[in-house]
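Here's the letter readout for the chains.
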Amino acid sequence: MMDYACNIDYRAIGLKAGLEIHQQLASRTKLFCCCPNEIRKAEDSDFEFFRYLRARESEMGEVDRAAAEQAMTRKKFIYKAYDTTCLIEDDEEPPMPLNPEALDIALKASVLFNMRPADGLPAHLLRRLQWLYRNALGESGHGHAVPGGRRRL
Amino acid sequence: MIINGTEYEEGDRVRVLRDGVTYEGILMPSRSGNIVLKMKNGYNVGLSQEGSTVEFIEKEKPPSFRLAPHVHIQRADLPKVSILSTGGTIASRVDYRTGAVSSQFTPDDIMDSIPELTEIANYNGEVLSMIFSEDMDAAIWQKLAQAVYRHINEGAQGIIITHGTDTMQYTAAALSFMVQSPVPVVLVGSQRSSDRPSSDNAMNAICAATVAVSDISGVSVVMHGATSDDFCYVHRGTKVRKMHTSARTAFQSVNEAPIARVDYGTRAITVLDDYVKRGEKDLALRDKMEPKCALVKFYPGMPSDIIDYYLGKGYKGMVIEGTGLGHVNRQWIPAIQKAIASGMTMVMTSQCINGRVCDRVYSTGIDLINAGVIEGQDMLAEVALVKLMWVLGQTQDKDEVRRMMQTDIAGEINWRSPV
């Protein structure tokens, strides 16, 4: 495997590699609600509830194959709620507008990384249907803040 | 949309050059005037038209993977149920071409997205309207009542009505009075949009179908009983009220227990209150309504000229949502006397929502009764309004109107207030 990998001329095949960094922003409240931005321990949970998620069409009218397969297994998803979560995280209330403090932090970071902010922020959010276990909506909101840019560290 | 003088269609794959950066993606609907692209990485980006150069790549391609349509096989051993669609969240999806949430599901679409329904019954579908429930009116209730009557007459053993949740309680009350049904007539909707994986639409619809083939006849509302996907409650059509703007548990029975609960996992029905059994009543349609009735909520300091306004507009009935036991400012009494003398029927309900009106305790109440106001007992104000429309559609006789308003016709009045 190693030898095989070493014999490839990556430049010739046009390989591109990227790094995806997930960083929680130190905003006072969460991205789509006014709950404090704290990571909690499971034992602090004071309430739990369960849902069965179903495969749905995405924004583009497509269904994720993995989601469709998962839905057939009829998995029961148990969610833990805390005194730092609210109806929005439980998917019992529509999300609030994007947290301006979080946007401000993202834009400041983008300036530090020598990036160029996209126009039209913060209006264009992506609804990403997902089969992750981390929130009750079965989907998450993502914003693409800035393209390009580089910074020598 | 037109970008810098050239026409592009939503769904077109385009390349946008802006400030030396190239963006490639599918053109999405835009409300801001910006060019909105869905890029290959899934993110959306908004770009100002100014300073952007757009290059067309190709037309929209159909989605690469969709759920296969469910094959609807009729099973001889299953009962016949009609699904009447009126629109609403249970049958809506986000239309990304226009960016709007639209109600565009037919009963077949509902079965495609909730195939479990076909294990419960064979369905016959009819799309009656495709509206948001706030756009309902008495004329549409009549059309709906006529359709319910027709489907039962043609052999439907149960009816499911998909309905937006905002005014579901009004339609449930209207059908309760207009249609005397020997079979279940179940209204169902969803609080959380049906295009998301966590929507409550599937569980509500499956529980509704379970009730539609049960022996709980008459009009009911079947919706989530808890925040978990655990069970639904079956609420009497004249005793149910939307009590939360967005939560799954919004629908609650007021002044009585729900009729039953339906377990989502086992589909077992547990009866919690009295109900009219399948076949106990004969099918009848009494669909006349007097839409010129008003519902007025009293607040401290509210002038009584609202009554003169409705009287001047030719209104035949008014339900007042009074304070506490059923009161309004004493200065309203002359206006109320005048309205009743002019032929308007006035019914008192309470903005407390829970409990019974009693105008025989305080002097204001006694004055209201002496003026001819009818006590709405433990009726919900919205139900009293719909009932008043219906009663005035059945008779013009003042004594008969009073008698009917104070008679329990469809479970709307309980003469006992259980603890």
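Residues numbered from 1 in each chain as written. Chains lettered and ligands numbered in written order. Predicted model: local features only at pLDDT ≥ 70, side-chain atom pairs only at ≥ 80, totals over all residues. Heavy atoms only, no water.

Turning our attention to the overall build of chain B. Scanning chain B for helices and strands turns up nine helices and 25 strands. Referenced to the eigenvectors of the C-alpha coordinate spread, the extents of chain B come out at roughly 80 × 55 × 35 Å. The buried share among the 419 residues of chain B stands at 56%. Considering only contacts in chain B between residues 6 or more positions apart, those separated by 24 or more positions represent 69%. Accessible area for chain B stands at about 17300 Å²; split by element, carbon and sulfur atoms hold 50% of it. Seen as two clouds, the 42 positive and the 49 negative side-chain charges of chain B have centres 2 Å apart. (Helix = DSSP H or I, 4+ residues; strand = E, 2+ residues; numbered from the N terminus. Buried < 20%, exposed > 50% of the residue type's maximum accessible area, 1.4 Å probe, protein only. Contact = heavy atoms within 4.5 Å. Areas by Shrake-Rupley, 256 points an atom, 1.4 Å probe, with all protein chains shown as cover. Lys, Arg positive; Asp, Glu negative; His and termini not counted. Charge placed at Lys NZ, Arg CZ, Asp CG, Glu CD.)

According to the stated counting rule, one finds nine aromatic pairs over all chains in the structure shown. The interplanar angle of 25 degrees and the centroid separation of 5.4 Å between the aromatic rings of Phe49(A) and Tyr79(A) together place this pair among those described as stacked. On the criterion of sequence distance, the pair formed by Phe49(A) in strand 1 (residues 47-51) and Tyr79(A) in strand 2 (residues 77-81) is long-range, its members being 30 residues apart. Among the residues examined, Phe49(A) registers a relative accessible area of 2% and is labelled buried. Chaining the aromatic ring pairs together yields one cluster made of Phe47(A), Phe49(A) and Tyr79(A). One residue, Lys76(A), lies across the ring of Phe50(A), its end atom 4.1 Å from the ring centre. The residue whose ring lies beneath Lys277(B) is Tyr275(B), and the NZ or CZ to ring-centre distance is 4.9 Å. (Phe/Tyr/Trp six-rings, centres within 6.5 Å; stacked < 30°, edge-to-face > 60°. Lys NZ or Arg CZ within 6 Å of the ring centre and 35° of its normal.)

We now examine the confidence of the model for chain A. Residue and element names in this part refer to chain A. In this model, chain A carries an average pLDDT of 77, and 64% of its residues clear a pLDDT of 70 or more. Element-level pLDDT for chain A is lowest in strand 3 (residues 125-129), with a mean of 53, against a maximum mean of 95 in strand 1. Low pLDDT, under 50, characterises residues 129-134; the stretch is placed with 24 contacts to residues that sit more than four places away or in other chains. For the stretch residues 149-153, pLDDT sits under 50, and the model shows ten contacts to residues farther than four places along the chain or on other chains. (pLDDT = per-residue confidence, 0-100.)

This part takes up the pattern of salt bridges. Under the defined criterion, the tally for this structure stands at 30 salt bridges over all chains. Asp12(B) is paired through a salt bridge with Lys59(B); the nearest N and O atoms lie 3.1 Å apart. Here Asp12(B) is found in the loop between strand 2 (6-7) and strand 3 (13-18), whereas its partner Lys59(B) is found in the loop between strand 7 (52-58) and strand 8 (80-85), with 47 residues between them in sequence. A single salt-bridge network, built from bridges that share partners, covers Arg51(A), Asp91(A), Glu92(A), Arg192(B) and Arg248(B). (Salt bridge = Lys/Arg side-chain N within 4 Å of Asp/Glu carboxyl O.)

The next subject is the sheet that holds strand 16 (residues 231-236) of chain B. Residues and elements named next belong to chain B. Spatially, 11-8-12-14-15-16-19-20 is the arrangement adopted by the eight strands of the open sheet, whose pairing is mixed. In this open sheet, the two strands that pair with only one neighbour each are strand 11 (122-127) and strand 20 (269-271). Across the sheet, the mean angle separating the axes of adjacent strands is 25 degrees when strand polarity is ignored. Bridge count between strand 8 and strand 12 (residues 158-162): five bridges; the pairing is parallel. Bridge assignment links Ser85 to a residue of strand 12, and that residue is Thr162. Each of strand 12, strand 14 (184-188) and strand 15 (218-224) is contacted by helix 3 (residues 168-178), which is oriented at about 160 degrees to strand 15, the strand it contacts most. (Pairing = 2+ DSSP bridges. Axes fitted to C-alpha atoms, helices over the stretch in contact; angles between N-to-C directions.)

Now for the nonpolar core. Residues and elements named next belong to chain B. Counting residues in hydrophobic clusters, the biggest one holds 53 residues, and the most contacted among them are Trp141 and Ile161. Those elements giving two or more residues to this core turn out to be helix 2 (138-153), strand 12, helix 3, strand 14, strand 15, helix 8 (381-394) and helix 9 (398-405). Among the elements that make up this core, the one with the highest residue count is helix 8 (nine residues). Residues in contact with Trp141, not counting those within four places in the same chain, are Met136, Tyr170, Thr171, Ala174, Leu175, Met178, Met289, Val386 and Met389. Counting 30 residues, the second largest nonpolar core, distinct from the first, contains Ile83, Ile216, Ile259 and Tyr275. (Core = buried A, V, L, I, M, F, W, Y, C linked by side-chain atoms within 4.5 Å.)

It is worth spelling out the packing of helix 6 (residues 333-341) of chain B against helix 7 (residues 363-371) of chain B at this point. Residues and elements named next belong to chain B. Closest axis-to-axis distance for the helix 6/helix 7 pair is 9 Å, and the angle between their directions is 20 degrees. Classified by the interaxial angle, the pair formed by helix 6 and helix 7 is roughly parallel. Seen along the crossing, helix 6 lies across helix 7 with a hand that is right-handed. In this structure, helix 6 uses Ile333, Ile336, Gln337 and Ile340 to contact helix 7, whose residues at the interface are Thr364, Asp367, Leu368 and Ala371. Partitioning the contact of helix 6 with helix 7 into residue classes produces five nonpolar, two polar and one charged. (Parallel < 35°, antiparallel > 145°, perpendicular 65-115°, else oblique. Left-handed = near helix turned anticlockwise from the far one by under 90°. Nonpolar A, V, L, I, M, F, W, Y, C, P; charged D, E, K, R; others polar.)

Our focus in this paragraph is the sheet that holds strand 5 (residues 35-39) of chain B. All names here are of chain B. What the five strands build is an open sheet, ordered 6-5-4-3-7; its pairing is antiparallel. Sheet topology places strand 6 (44-47) and strand 7 at the edges, where each strand pairs with a single neighbour. Strand after strand, the sheet turns through a mean of 40 degrees between neighbouring axes, direction not considered. One ladder, built from six bridges, connects strand 3 with strand 4 (residues 21-28); its direction is antiparallel. Counted as the bridge partner of Val14 is Gly25 from strand 4.

Below, the discussion takes up the packing of helix 2 of chain B against helix 3 of chain B. All names here are of chain B. Between helix 2 and helix 3, the least distance of the axes is 10 Å, while the angle of their chain directions is 55 degrees. Judged on the interaxial angle alone, helix 3 and helix 2 are oblique. In this structure, helix 2 crosses over helix 3, and the sense of that crossing is right-handed. Along its contact with helix 2, which presents Trp141, Gln142, Leu144 and Ala145, the element helix 3 presents Tyr170, Thr171, Ala174, Leu175 and Met178.

Okay, the environment of Tyr362(B) next. In this fold, Tyr362(B) is placed in the loop between strand 24 (345-350) and helix 7. When the C-alpha positions of Tyr362(B) and His327(B) are compared, they lie 8.9 Å apart, and in sequence the two are 35 residues distant.

This paragraph deals with the state of the cysteines. Counting across every chain of the model gives zero disulfides over all chains. Here Cys33(A) is not disulfide-linked; the sulfur of Cys35(A) is the nearest cysteine sulfur, at 3.8 Å. With no disulfide of its own, Cys207(B) lies 3.5 Å from the sulfur of Cys232(B), the closest cysteine sulfur. For Cys207(B), a relative accessible area of 1% translates into the label buried. (Disulfide = S-S within 2.5 Å.)

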